[in-house]
There are 2 protein chains.
Amino acid sequence: MGVRDVSKRILLGRKLRSSQLGETLLPKKIALPVFASDALSSVAYAPDEIFIMLSLAGVSAYTWSWKVGIAVAIIMTAVVASYRQTVHAYPSGGGDYEVASVNLGRTAGTTVASALLVDYVLTVAVSISSGAQYAAAALPFLSGHEPLAASAMVIILMSLNLRGIRESGTFFAVPTYLFMVAVLGMCGIGLLQLLTGNLPRVASADLTILPDPGFDGALTTMGLLILLARAFSSGCAALTGVEAISNGVPAFRKPKSRNAATTLLLLGLIAISMMMSVIVLAQQMGVRYVDPTEIDRLIQADGTPVPEGFRQDALMAQIAEGIFRDFPPGFYFVVVMTGLILVLAANTAFNGFPVLGSILAQDGFAPRALGSRGDRLAFSNGIVFLAAMAIVLILAFDAQPTRLIQLYIVGVFVSFNLSQLGMIRHWTRLLRSERDPAARRRMLRSRAINTVGLSLTAVVLVIILVTKFLEGAWITILAMGFFFALMRKIRRHYDSVAEELAAEETDKILPTRVHAIVLVSKLHKPTLRALAFAKATRPNVLEGVYVSSDARETAALLAAWEQRNFGVPLKVLHSPYRELVKPIVEYATEIRRANPRGVVAVYIPEYVVGRWWEQLLHNQTALRLKGRLLFAPGVMVISVPYQLRSSRIAKEKVMREGKRVQPGDLRRGRADEPSRR
Amino acid sequence: MGVRDVSKRILLGRKLRSSQLGETLLPKKIALPVFASDALSSVAYAPDEIFIMLSLAGVSAYTWSWKVGIAVAIIMTAVVASYRQTVHAYPSGGGDYEVASVNLGRTAGTTVASALLVDYVLTVAVSISSGAQYAAAALPFLSGHEPLAASAMVIILMSLNLRGIRESGTFFAVPTYLFMVAVLGMCGIGLLQLLTGNLPRVASADLTILPDPGFDGALTTMGLLILLARAFSSGCAALTGVEAISNGVPAFRKPKSRNAATTLLLLGLIAISMMMSVIVLAQQMGVRYVDPTEIDRLIQADGTPVPEGFRQDALMAQIAEGIFRDFPPGFYFVVVMTGLILVLAANTAFNGFPVLGSILAQDGFAPRALGSRGDRLAFSNGIVFLAAMAIVLILAFDAQPTRLIQLYIVGVFVSFNLSQLGMIRHWTRLLRSERDPAARRRMLRSRAINTVGLSLTAVVLVIILVTKFLEGAWITILAMGFFFALMRKIRRHYDSVAEELAAEETDKILPTRVHAIVLVSKLHKPTLRALAFAKATRPNVLEGVYVSSDARETAALLAAWEQRNFGVPLKVLHSPYRELVKPIVEYATEIRRANPRGVVAVYIPEYVVGRWWEQLLHNQTALRLKGRLLFAPGVMVISVPYQLRSSRIAKEKVMREGKRVQPGDLRRGRADEPSRR
């Protein structure tokens, strides 16, 4: 670190402290857990899906499990290699959405965005449902109440994120590394036992599986192909979350892209080792695992199906139970860490959503309020929406990961495909102008990687569409269509407004005169302040306006006005039925009509109070009046605030609010972690 | 009508038409039904209560019924006579509240207001519960579902009033006169039959009543007194609603007070005739009527109690059934008109509430927004509150008028007493200065009337408190206490604010300079308009302010700004994390700090759009910014609206809204009835 860097760091440190919310860039060892929880957590359910699909043809089909696993690992390798290109080419954090928008146009970009939105909902639903399964393995009393437990967990996560949970490196690092230790440790022990021939059998090893009627008897080649295709496409659930790093490049330390690419590689290696180890161990330990909705296909030694209410634990829970049969703490460690990582994975959706929302807002595809940090209300609505949709899915699909995964992977592979197609275009475009042979070689190599990636993921997408469409993928596609249409509609609205508002030369014409009116309800400090401010702007005409509904009060006010000798006339508008808004609006409209090239400035003295119930007692009429005056052309409305003593309370609340952390801050490279500065 | 009157009428007519909502004063024949429905409707339940209370001592006690009735009639006469004084002395429509406030001070006034608020809730609950009883008599399938039917009816009434139901003379006149025809007609026929000895017996005449254990055996004098006191205090429910006219004097044609007094007299005569006829007929026709919660005290001829689920119809329904046994349309006519008048009575509460709210608001006892016509939101909240409280009472007391009446009459008699005490003070005060013997005689007579009224109603109040306190009156007193405390708290808040805001001489000091900043997000029409308006006010300093979070966009904007050559500098505030509000607030605060005697004018270009979802897409940041700037001292916020084409939609909606009728319009002498102009 040179002297300049040191001084920069010192300055930066100062600046951060003063602004209370600083920028903290993540070293690789922290970035890995921050972005990996989603991808790594899929080892908790993806191998299970492979075994469920193969079980359709009975236990004998389990011999295919590791081959299917290798196929998934190959896809994962290709995808990781592709994204390593993306983080170099698009380091701004726009990820798949940016790649698709820039290279393939608005339609592709919006499609990717729709897929991502749907995937955020499904990440929550799948991760929490799977987490509920692990929770039930550790806490048997939860068994049978998974949908309820999962919904409760989503509500807890939502509340934490609404309150503004501080995502920090430590927050992720500790559980993620412990999870790795747990899973890799368990697998290491298991593989060692396998080599020494001491590998125990799991509890379900004594059962047999009744094949599904469709796969009964000897498998035809076609039947086998269909079976493997289904197992493979389900296993591809392991790839969900791999793209997260491409959205988080700005949060990495420099050299950002290189560090992100290295982290991605590490992530891929760990994910593949975990998945393959779990598959091999499960098969070797004699796991019997069927679709939980067809639990009666599990046959006991005496030839009868397992009893009603039989609990089929997740694959990793079964393996942990076998390996740690004599050491229960080991079992609990694996299960608890798995449950925790699944909750973290769900939480990433709550953090990724605002980031995506803000990018979409900048491009005019989402309400603009999402584009600026600090609009807690807009983000809160998003968080509540995300949680509500996830709960709907959890309850509709009974918190069964197997059924939710049918919906999940379509969206993921839609973005994989569009993003890689976009990358190929990207390199092709660059190659057109690039002359340096070394650079051209690198680009050609990158394009080759993306092409391989695209061809593989395209095949996978077709397989998924064919095998999953009727199983639930149609719901995802419908939902994507909805978001797509909504974003297009919002963008069209902004476009048409922009067109309507495009500036013309005539817009520079200045109003010829300013006629200012100050609303007077009483002669108190707020009115005097409004009057003083209005006077200070030296309008061409200045008058007070009072709406009178009581002759006595009016006379008293007029007398007081005279006595104070403001040098400003007071106009009295009569309103026998105590209507306040209408007379003022009509008067302002009248002034403007008499002088169409002038402008009317309406000064409204406003009370600033601190407590919510005080708000109810004040300013309601001012609020309504402003709402109405907005429709009058040539009228501007000036709020002259008068801060009452109690306004301190509200001010302090607003200040506190501004300092609160928002979901997504960490992955935008924005966090407040004094410990690591 | 003189020429001047005619021309005035013509002018007035024109003016009314142009303002769409005019003043229509009520002739006596229309005013009677408008204000009488509440008072007259009590004949539907008050006599029933007398019979229920007497039944405690068995059928033999029914011989006292007409004597109790006469006692109630005497009180009614005294009260009517008293209120005839009130309408002359306080013709402004403030009613009991005004009388108590002016003559007895703020505490008494607030007490009356609390009593009236509670009574509005109970008017709805009692009238609709009684109406449900009549509905069940006509439609037997409703029997047993009265609470549900009553709650549904309250919700319907609430919705109609939220939408803005047009209270009109006809609306009241037709059903009220038909109700009078029905009841007086029925009673006439019955009394004729009585004279000719053909009066039929009611269905329940064959039953006997098991006396309540407490009144078993021969009655002691004390026991009889207690019994009669309870019957009398329940019968006083007939007086509810009599005070309505004193709140409606402004709606009468001239001479307002005289017409109101005459109408009041008519109302008293009709109410007394109805009540006495019903009592006499009920007794002569052999009615057996017990508390519906003790229905098993009704004994059949064979000595067993009436079967489970026996429906005990209201008194008037039983009489109508007897008299019109051979002419069912007569029975249905009486029952339907009674049900209808009860609904109208409930509706008067929805109309009286806003009137009271607006008077309280003018005196600072209720949120000020209630004081100005047209704040639909505030009134809507009140209407929903009224309906919700009434439904709570209906459900809590099982829609049984008998139980609700225990709560009802306390409040009524609290206001009677305070108002009459106030009137005595009023006359005493006037007598002190009055020298004209004729006038003094009139005043002395009036004071005598009010004194008699007070002594009678004071006795009644004591009887009510003694006999009803534990039966439910404590709830009313508790609720009154709550409203009383709330109103005091609101008033104290307004007082302390007024004190904090009282103007001082120093408040006239003018700011020395105006530093105007125009927020620039893009260079479009709204920005140009804001810039033009700001320029027109010729501030000492004027600059555009742009919050930059993207270097490219900033450069483009700066170039466009240069090119347009506004002659206004553009200040760029950097905000790498897309925070918009904070930099602007900080900049404004900084300007002010540099020049504490100046004022900062922040011009915000605002979009005016028409549809609710367009609102979500625009102005959210402007809104937040304004909210934050209010806390900065020395800053004024100027909204410069730019009306987009779609704003027409919202404007039209606002205009329609302004024309809508509001509950209470009619009784404030404000209505739109072209047919009677």
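Procedures and definitions
- Residues numbered from 1 in each chain as written.
- Chains lettered and ligands numbered in written order.
- Predicted model: local features only at pLDDT ≥ 70, side-chain atom pairs only at ≥ 80, totals over all residues.
- Heavy atoms only, no water.
- UniProt positions renumbered as here; feature names shortened; annotations may be inferred.
- Helix = DSSP H or I, 4+ residues; strand = E, 2+ residues; numbered from the N terminus.
- Buried < 20%, exposed > 50% of the residue type's maximum accessible area, 1.4 Å probe, protein only.
- Contact = heavy atoms within 4.5 Å.
- Phe/Tyr/Trp six-rings, centres within 6.5 Å; stacked < 30°, edge-to-face > 60°.
- Lys NZ or Arg CZ within 6 Å of the ring centre and 35° of its normal.
- Salt bridge = Lys/Arg side-chain N within 4 Å of Asp/Glu carboxyl O.
- Least-squares fit on C-alpha atoms with pLDDT ≥ 70 in both.
- Axes fitted to C-alpha atoms, helices over the stretch in contact; angles between N-to-C directions.
- Parallel < 35°, antiparallel > 145°, perpendicular 65-115°, else oblique.
- Left-handed = near helix turned anticlockwise from the far one by under 90°.
- Pairing = 2+ DSSP bridges.
- Domains from an automatic or database assignment.
- Expected span 1.5 Å × (residues − 1).
- Bend = angle between axes of the 7 residues up to and from the residue.
- Patch = residues over 30% accessible without salt bridge, like charges linked within 9 Å, V, L, I, M, F, W, Y side chains within 5 Å.
- Areas by Shrake-Rupley, 256 points an atom, 1.4 Å probe, with all protein chains shown as cover.

As recorded in an unreviewed UniProt entry, chain A goes by the name APC family permease, listed as coming from Nocardioides aquaticus. Per UniProt, chain A carries the Subcellular location (unreviewed entry) text "Membrane".

1. Focus on the overall build of chain A
Each helix and strand in chain A was counted, giving 21 helices and seven strands. Projected onto the principal axes, the alpha-carbon positions of chain A cover approximately 105 × 65 × 50 Å. Here chain A holds 677 residues, and the buried ones make up 57% of them. Within chain A, contacts between residues at least 6 apart in sequence are counted, and of these 84% link residues at least 24 apart.

2. Notes on the packing of aromatic side chains
On inspection of all chains with the given rule, the structure shows 18 aromatic pairs over all chains. Measuring from ring centre to ring centre gives 4.9 Å for Phe51(B) and Tyr62(B), while their planes differ by 70°; the resulting arrangement is edge-to-face. Remark: Tyr62(B) occurs in the loop between α3 (46-54) and α4 (65-89) and Phe51(B) occurs in helix α3; sequence separation between them is 11 residues. The burial state of Phe51(B) is the same as that of Tyr62(B); both residues are buried. Ring-pair connections join several aromatic residues into one group, and the members of that group are Tyr83(A), Phe413(A) and Phe416(A). For Lys67(A), the ring lying beneath its charged end belongs to Trp64(A), and the centroid distance is 4.7 Å. The cationic tip of Arg491(B) hangs over the ring face of Phe365(B); the distance from NZ or CZ to the ring centre is 5.4 Å.

3. Brief notes about the interface of chain B and chain A
The interface is formed by 86 residues belonging to chain B together with 85 residues belonging to chain A. Joining chain B to chain A, the criterion identifies two salt bridges. Taking the shortest distance from any N to any O, the salt bridge between Arg645(B) and Glu500(A) comes out at 3.7 Å. Contributions of two or more residues to the side of chain B that touches chain A are made by α15 (437-501), α16 (525-536), β6 (599-608), α19 (612-617), α20 (620-629), β7 (635-643) and α21 (647-659) of chain B. The biggest single contributor to the side of chain B that touches chain A is β7(B), with nine residues.

4. Concerning the relation of the copies chain B and chain A
For the pair of chain copies, the relating transformation is a rotation about an axis with a translation along it. Expressed as a screw operation, the relation of chain B to chain A combines 0.0 Å of axial shift with a rotation of 180°, fitting to an RMSD of 0.1 Å. What we have between these two chains is a two-fold relation. When C-alpha positions in chain B are compared against the rotation axis, the closest is assigned to Ile638(B), at 2.1 Å.

5. Looking at unusual backbone geometry
Residues and elements named next belong to chain A. A cis amide bond links lysine 254 to the next residue, proline 255, at an omega of -5°. As for its placement among the helices and strands, proline 255 is situated in the loop between α9 (221-235) and α10 (256-284). One non-glycine residue, alanine 399, adopts positive backbone phi at about 55°. With respect to the helices and strands, alanine 399 occurs in the loop between α13 (376-396) and α14 (401-433).

6. A word on the packing of helix α5 (residues 95-104) of chain B against helix α14 (residues 401-433) of chain B
Residues and elements named next belong to chain B. Here α5 crosses α14 at 50°, and the two axes come no closer than 8 Å. Judged by the inter-axis angle, α5 sits oblique to α14. The chirality of how α5 crosses α14 is left-handed. Here Asp96, Val99, Val102, Asn103 and Leu104 of α5 come into contact with α14, specifically with Ser415, Leu418, Ser419, Leu421, Gly422, Met423, Arg425, His426 and Arg429.

7. Brief notes about the sheet that holds β6(B)
Read across the open sheet, the 10 strands follow the order β5(A)-β4(A)-β3(A)-β6(A)-β7(A)-β7(B)-β6(B)-β3(B)-β4(B)-β5(B); overall the sheet is mixed. Sheet topology places β5 (570-574) of chain A together with β5 (570-574) of chain B at the edges, where each strand pairs with a single neighbour. Recorded for the sheet is a direction-independent mean angle of 30° between the axes of neighbouring strands. Taken together, the nine bridges between β6(B) and β7(B) define a ladder with parallel strand orientation. The residue bridging Glu606(B) from the neighbouring strand is Pro641(B), located in β7(B). Together, β3 (514-519), β6 (599-608) and β7 (635-643) of chain A form the strand contacts of helix α20 (residues 620-629) of chain A, whose direction differs from that of β6(A) by roughly 155°.

8. Concerning the environment of Ala73(B)
Residue and element names in this part refer to chain B. Locating alanine 73 in the fold gives a position in helix α4. Residues alanine 73 and serine 273, 200 residues apart in the sequence, show an inter-C-alpha distance of 9.0 Å. Beyond its immediate stretch of four places on either side in the chain, alanine 73 contacts Ile272 and Met275.

9. So, the environment of Thr527(A)
Residue and element names in this part refer to chain A. Mapping threonine 527 onto the fold places it in helix α16 (residues 525-536). Judged by relative accessible area, threonine 527 falls into the buried class, the value being 1%. Taking the C-alpha atoms as reference, threonine 527 lies 80 Å from leucine 281; in sequence the two are 246 residues apart. When residues no more than four places from it in sequence are discounted, the contact partners of threonine 527 are Val518, Leu519, Val520, Lys522 and Pro605.

10. Considerations on the domain arrangement of chain A
Segmentation of chain A into domains returns domain 1 (23-494) and domain 2 (507-643). Each of domain 1 of chain A and domain 2 of chain A has a C-alpha centre, and these two points are 60 Å apart.

11. Thoughts on helix α15 (residues 437-501) of chain A
When the terminal C-alpha atoms of α15(A) are compared, their 49 Å separation across 65 residues is substantially less than the 96 Å that a helix rising 1.5 Å per residue should span. Of all the bends in α15(A), the greatest measures close to 110° and is centred on Phe469(A).

12. Description of a nonpolar patch on the surface
Residue and element names in this part refer to chain A. Together, Leu465, Phe469, Leu470, Trp474, Ile477 and Leu478 make up an exposed nonpolar region whose accessible area comes to about 600 Å². In this fold, leucine 465 is placed in helix α15. Under the relative-accessibility criterion, leucine 465 is labelled partly exposed at 33%.

13. What about the pattern of salt bridges?
Residues and elements named next belong to chain A. With the rule as written, the count across this model stands at 14 salt bridges over all chains. Across the pair aspartate 495 and arginine 491 runs a salt bridge, and its minimum N-O distance is 3.1 Å. Here aspartate 495 pairs with arginine 491, and both are found in helix α15, just four residues apart, close to one helical turn. Looking at aspartate 495, the relative accessible area reads 31%, which means it is partly exposed. For the salt bridge of lysine 626 with glutamate 606, the shortest nitrogen-to-oxygen distance reads 2.9 Å. Placement of the pair is lysine 626 in helix α20 and glutamate 606 in strand β6, with a sequence separation of 20 residues. Grouping residues by exposure puts lysine 626 and glutamate 606 together as buried. Here the residues in one salt-bridge network are Arg106, Arg491 and Asp495, joined through shared partners.

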